[in-house]
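Results of the structural survey
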Amino acid sequence: MKNLFSCLFLLFTFSFGLQAQLNEYKYVIVPKNFKGFKYENQYNTSTLLKYLFTNKGFETSYEDDLPSELNSNRCLGLRVQLDHKTSMFVTKVSIILLDCNSNKVYTSLEGSSKEKDYSSSYREAIEMAFQSINSLNYKYDPVKAKNVATAAVITDTEVKGAPSAN
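Before going into details, it helps to say that this report is about the structure given with it.

Criteria and cut-off values
- Residues numbered from 1 in each chain as written.
- Predicted model: local features only at pLDDT ≥ 70, side-chain atom pairs only at ≥ 80, totals over all residues.
- Heavy atoms only, no water.
- Helix = DSSP H or I, 4+ residues; strand = E, 2+ residues; numbered from the N terminus.
- Buried < 20%, exposed > 50% of the residue type's maximum accessible area, 1.4 Å probe, protein only.
- Axes fitted to C-alpha atoms, helices over the stretch in contact; angles between N-to-C directions.
- Parallel < 35°, antiparallel > 145°, perpendicular 65-115°, else oblique.
- Left-handed = near helix turned anticlockwise from the far one by under 90°.
- Contact = heavy atoms within 4.5 Å.

Quick look at the overall build of the protein chain
Along the protein chain, the regular secondary structure elements total 5 helices and 6 strands. The secondary structure elements of the protein chain, listed N-terminal to C-terminal, are α-β-α-β-α-β-β-β-β-α-α. Within the protein chain, the proportion of its 166 residues that are buried is 35%.

Structure representation (structure tokens):
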């Protein structure tokens, strides 16, 4: 029983930390062609992810149609990547969010589907994986995002302006 409570406590603490981390990003960049797919928007994966992230409150755009603010500062956005495995009976999908330096910021729980049709199967698996993102209370916090960017600039300036010990 004690282990159950400590596991639940860690889960809530971890999800709160992730929520604060995602609140620093305003945009989500969805590729039109995910790695491993032959065609653009195959099985409607790109349009489904764009729709889900838009409903969650993110400003979403495709990688070839970025807003000017995101073009000037790529670190305002997260790139979506799909980790997918298909076999004869099961389609498994995880949604990965990467920052501007290609570091993993968030990985969703794995969604799976046993549908035979790939379009239905990917839709069901992506929606199941997206439930873990839905459980986070995302709300863009520009103050926190600006403070992070400003802190990085100040640190960089201090190092460059430091007197040399020669």
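A short note on the packing of helix 2 (residues 45-56) against helix 4 (residues 118-134)
Packing of helix 2 against helix 4 leaves a shortest axis separation of 11 Å and a crossing angle of 25°. Comparing their axes, helix 4 and helix 2 come out roughly parallel. As for the relative orientation of helix 2 and helix 4, their crossing is right-handed in sense. Packed against helix 2, whose contacting residues are Thr45, Leu48, Leu49, Leu52, Phe53 and Lys56, the element helix 4 presents Tyr122, Arg123, Ile126, Glu127, Phe130, Ile133 and Asn134 at the interface.

Regarding the environment of Gly36
Within the element layout of this structure, Gly36 appears in the loop between strand 1 (27-30) and helix 2. On the basis of relative accessibility, which here comes to 63%, the residue Gly36 falls in the exposed class. Taking the C-alpha atoms as reference points, Gly36 and Asp83, 47 residues apart in sequence, are found 9.2 Å from one another.

Description of unusual backbone geometry
Glycine aside, residues mostly have negative phi angles, and peptide bonds mostly take the trans form. Although it is not a glycine, Asn41 sits at a positive phi angle of roughly 55°. Positionally, Asn41 belongs in the loop between strand 1 and helix 2. Residue classification places Asn41 among the partly exposed positions, given a relative accessible area of 23%. Even without being glycine, Asn44 reaches a positive phi, approximately 60°. Here Asn44 is to be found in the loop between strand 1 and helix 2. Exposure remark for Asn44: the relative accessible area of 46% places this residue in the partly exposed category.

Note that every value here comes from positions in space, so none of it alone points to a role or purpose.
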